[in-house]
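Examining the three-dimensional arrangement
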Amino acid sequence: MSSTKYILGVFDDPDDMMHGIDKLQKNSVPIYDVYTPMPIHGIEAKLNIKDSRLGYAAFMFGCLGGSIMFGMVYYMLVHDWPMNIGGKNAFAIPDFVPVTFEWTILWTSFGMTFTFFFATHLFPGRTPRVMDLRATNDKFVIAIDAKGNIPHDDITNLLKEAGATEVKHNDRKYVSYE
């Protein structure tokens, strides 16, 4: 039994890689992931990747930060230590707007930073997980899960026909930097 976990098709050109994706999908070969050194227009639609829900998370972090700060300012200036300054009302909402806005932005940015680290598993100090290190520089890589797929030779031939310069059979999920 083969210990191959992933078959990697390495391409020099993004158009060849897109042609390889078409060829694999036409032959019902499920693609695990695609690694590119730059964004490729239209690849999300081709791979049927859903829209990100990060916008909802950003909205929720902003609402949380704004609500916490509005509540803190209201408590401190109206209940805890009300001051009569020039006969103005203690609960003057325009006075609360700048600091509430600032905290909304602060909580959104910190919340999204932590969400990014959580979603990508790229916590500070952790070694990045990459299928092929050249995909961060100048190569385009299609990763195919080798378990329970059509014969490996057929996948290799499909990738070669599409223009792959190299086809690798990986026995582990990620390449380490050590």
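Residues numbered from 1 in each chain as written. Predicted model: local features only at pLDDT ≥ 70, side-chain atom pairs only at ≥ 80, totals over all residues. Heavy atoms only, no water.

Some points on the confidence of the model for the protein chain
Close inspection of predicted coordinates is inappropriate in any region flagged by low pLDDT. Of all residues in the protein chain, 91% attain a pLDDT of 70 or more, and the chain-wide mean is 85. Taking the mean pLDDT of every element in the protein chain, the minimum, 83, falls on strand β4 (residues 166-170) and the maximum, 93, on helix α3 (residues 54-80). (pLDDT = per-residue confidence, 0-100. Helix = DSSP H or I, 4+ residues; strand = E, 2+ residues; numbered from the N terminus.)

Regarding the UniProt feature "transmembrane region" (unreviewed entry) in the protein chain
UniProt records the feature "transmembrane region" (unreviewed entry) for residues 54-77 and 104-124 in the present numbering. Along residues 54-77 the backbone is 100% helical and 0% strand, and the end-to-end C-alpha distance reaches 34 Å. Between the end C-alpha atoms of residues 104-124 the distance is 25 Å, and the span holds 81% helix and 0% strand. (UniProt positions renumbered as here; feature names shortened; annotations may be inferred.)

What about helix α4 (residues 93-120)?
Along its 28 residues, α4 runs 39 Å from first to last C-alpha, staying within 8% of the 40 Å computed at 1.5 Å per residue. The largest bend in α4 amounts to roughly 30° and is located at Val99. The secondary structure elements touched by the buried residues of α4 are α3. Positive backbone phi, approximately 60°, marks His121, located one or two places after α4. (Expected span 1.5 Å × (residues − 1). Bend = angle between axes of the 7 residues up to and from the residue. Contact = heavy atoms within 4.5 Å.)

Details of helix α1 (residues 14-26)
Taking 1.5 Å of rise per residue, 13 residues should cover 18 Å, and α1 covers 18 Å from first to last C-alpha, within 8% of that figure. All of the buried residues in α1 are Pro14, Met17, Met18, Gly20, Ile21 and Leu24. An end-on view of α1 places all buried positions within 155° of arc, on one side of the element. Within α1, the exposed residues directed more than 90 degrees away from the buried face are Asp15 and Lys26. Looking at the buried side of α1, the elements it contacts are β1 (6-11), β2 (31-35), α2 (43-46), β3 (140-145) and α5 (152-162). (Buried < 20%, exposed > 50% of the residue type's maximum accessible area, 1.4 Å probe, protein only. Arc of directions from axis to C-beta.)

Some remarks on the nonpolar core
Membership of the largest hydrophobic core comes to 20 residues, with the highest contact counts inside it found for Phe11, Met17, Leu24, Ile142, Ile144 and Leu159. Mapped onto this core, the elements with two or more residues apiece are β1, α1, β3 and α5. If you look at the next biggest cluster of nonpolar residues, it comprises 8 residues, including Tyr6, Met131, Val141 and Ala143. (Core = buried A, V, L, I, M, F, W, Y, C linked by side-chain atoms within 4.5 Å.)

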